[in-house]
Amino acid sequence: MSKVRTFLNKNTNLTFASAFIFGVFINLFGLINTIHNYDDIAIQPFGFGTSVTSGRYVLGALGGIYHLIFGSYNLPFFNGVVCLLFVALAAKCLVSISDIQSKKIGIGIGFLFAVFPTTTSVLFFKFTAIFYGFALYLSVLAAKVLIKSKHGFLLSALLSVLSLGIYQAYLPLTVTILIVYLIKRAIDSDNETFVSVFKTGLYYCLNIVVSLVVYKLVLDMTIYVCNYFIESQQELIAAFANGEAVSKLSLNSYQGIDQMGKVTILSLFESIIQSVKSFFMLPFHDYCSLAQTFVLKISYAVFYLASTSLIIYTIIKNKMKVPLVAIILLMWILFPVCVNLIVVMCPSSEIYTLMVYAFIMVLCTPLLLWESMPIIKNKKVYSFVKKGLSITFALVIISYSVLLNLNYSKMYFYTRQAENYANSIVTQVRMTDGFDTNKKWVFVGDINDPLLKNDWDNVPSYGIPRTTQEMLNMYSRKSWFSNYVGYSIPFANNKADEIRKTQEFKAMPCWPDEGSIKVIDKYVVIKFEK
C-alpha cells in the first residue's frame, strides 16, 4: 500500500490512475459486450483497417507487426482496455506539460479524457482502437518533448509523423496544446517578452511544418516502393493472392486524402472561416456530437469565456507590456482555428466525432491556466468563480458519462436489430421458389423498409450510423450475414444494373412485400429499391 500511496502522491500518476480506472469503469458496458458500427462489423475476426491508401502507412506497419506477434483480432475488452491505457497516458502527459500541482485538477482532466466523446467513438472502432489510442498518446507526447526538451525538435517531429501515419486527425490536438502552453508561459513568467514568445511560436510552427513535410515524403516513398514491388513481383504476389491480379496503390478519396496539399488561398480562407464559425456556434447547436444537451452547450460557452477572462485578468494584474499583450491575444484569437484545424485539413470532408479530439482543450484550458492566474483578493468572487467552474466541469463529466452509455445501449440494440433483420432476409430467401445454394444473390438498391423504425433512432449518437436501416445500407452489409447468420453468401451485385433492365424485375414489388425476392435466370434477386 505504501508503494501505491507513493505512486499516487505524484500528480501526473494520479491523473493516469483516475483516467484509466474511471475509463474502464464507465466504459465497461462497451468493453464486455459485442456491439458494432458500420466498420467494426466488417473487420471480423481480425484486421486493423485501411492503411497506406488512406495515408496511414504507420498503421499498416504496426498492424502487420502486431498481427504477426499476437494476431490483430477484434477483441472488445482487450483492445478497449489497452486503448484506455494510452488515453490515460495522454492525460498524464498533458498534466505534466502544464506542471499542474492541484490533484483535483489532475483527477478532473483524467476523468474528462475517459468520457470525452472522441474516446467513446474510438472504442466503437475496436479493431483499430489500440493503434488510435497509441496515436493519441504520441500526439500529446510530441508536444511534451518539444516543450520540455531543449534538443527535442527532431524527436518531437518524429513522434508527430508516427501519429499522423496512424491517424491524421490528432494533429490539431498537438497544435492546440502548443499554443495553450505558450499562452500559459507568457502570462506566467516575468521573463517573457514579445521577442521570446514570437521566437518560440516560430519554433513550434516550424516543427509542425517539418512533421507534415516528412509525413508526406514518407507516404509518397511508401507508395512508390509498394508499387515497384507489385509491378516487379506479379507472379509471386499472384501466388499469394490465389491468382488474382493486385492493382497498384494510390491514395483513396476518403476524407479527401487524395487531395492532400492541393489547396488554393481562397479554399484555405474558406476553410478557416468555416472552422471558426463551427467553433463559435457550438453553444447554440451541436457540432460533431460534442454538445448534444443544453448543459453541454452552455458548458462550452462558460469554459471558453472563463479562459478568456482568466487571460485578460492576468494580463491586467501583471501589467504586461503592450507588445506581449498583443501576441498573447493573437494566439488566443488563433485558438478556435487550432482546435478545429481538422476542417482546414479536410476541407471537403464530413467531420464527425472521431476527428475532433482537440475540442477537449476548450474544457481543459481554464484548468491549465488556473494556477497561473494571480490570486483574486476578493474571497467571495474567488469562491464564486472556483465553485462555478467546478460545478460546470462536474456536469460535463456526468453528462458525457450518461451519453457514452446511452451510445453503447443504442449500438447494442442496433446490433441486435441488424442481426435479426439479416436472419429474416436469409430465411425468406431460402423459402423462395427455385432457390438452391448454387445460385448467386443480387441485392438491388438500399433497404427502405417503412417498418424498420424504433425509438432508438431518435436517441443522440456519436456520429453515424444514425439508424439501423442506414447501417444495413452501408458497404459492410454482407458482413452481418457472414458474422451473425454464419452464411457465406455468393454475391453477384455487379449484375444489379443488368437485372434492373429485365421486365421480371420491373414487375416485382419492393422489399419487404411478398414477391420482392425472386429467382431471375440463375440469380436470387432481392429488390430493395423502388
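Everything here concerns the structure above.
Quick caveat: nothing in here was measured; it's all calculated off a predicted structure.

Right, let's talk about a nonpolar patch on the surface for a bit. A contiguous nonpolar patch, built from Phe294, Val295, Ile298, Val302, Ile391 and Leu395 and spanning about 520 Å² of accessible area, is present on the exposed surface. Only helix H14 (294–317) and helix H18 (379–430) provide two or more residues apiece to the nonpolar patch. Counting residues per element, the nonpolar patch draws most heavily on H14, at four residues. Relative to the helices and strands, leucine 395 is located in helix H18. Looking at leucine 395, the relative accessible area reads 39%, which means it is partly exposed.

Let us now look at the sheet that holds strand E2 (residues 517–520). Pairing within the open sheet is mixed, and its three strands lie in the order E1-E3-E2. At either end of the open sheet lies a strand with only one pairing partner, and these are strand E1 (440–444) and E2. Taking each pair of neighbouring strands and ignoring which way they run, the sheet shows an average axis angle of 25°. The pairing of E1 with strand E3 (residues 523–527) spans five bridges and is parallel. From the neighbouring strand, valine 444 faces E3, where its bridge partner is lysine 527.

This paragraph deals with the side chain of threonine 15. Within the element layout of this structure, threonine 15 appears in helix H2 (residues 11–26). Taking the relative accessible area as the measure of exposure, threonine 15 reaches 0% and is therefore buried. Every residue in contact with threonine 15, bar those within four places of it in the chain, is listed here: Ala91, Lys92, Val95, Gly106, Ile107 and Gly110.

Cut-offs used in this document
- Residues numbered from 1 in each chain as written.
- Predicted model: local features only at pLDDT ≥ 70, side-chain atom pairs only at ≥ 80, totals over all residues.
- Heavy atoms only, no water.
- Patch = residues over 30% accessible without salt bridge, like charges linked within 9 Å, V, L, I, M, F, W, Y side chains within 5 Å.
- Areas by Shrake-Rupley, 256 points an atom, 1.4 Å probe, with all protein chains shown as cover.
- Salt bridge = Lys/Arg side-chain N within 4 Å of Asp/Glu carboxyl O.
- Helix = DSSP H or I, 4+ residues; strand = E, 2+ residues; numbered from the N terminus.
- Buried < 20%, exposed > 50% of the residue type's maximum accessible area, 1.4 Å probe, protein only.
- Pairing = 2+ DSSP bridges.
- Axes fitted to C-alpha atoms, helices over the stretch in contact; angles between N-to-C directions.
- Contact = heavy atoms within 4.5 Å.

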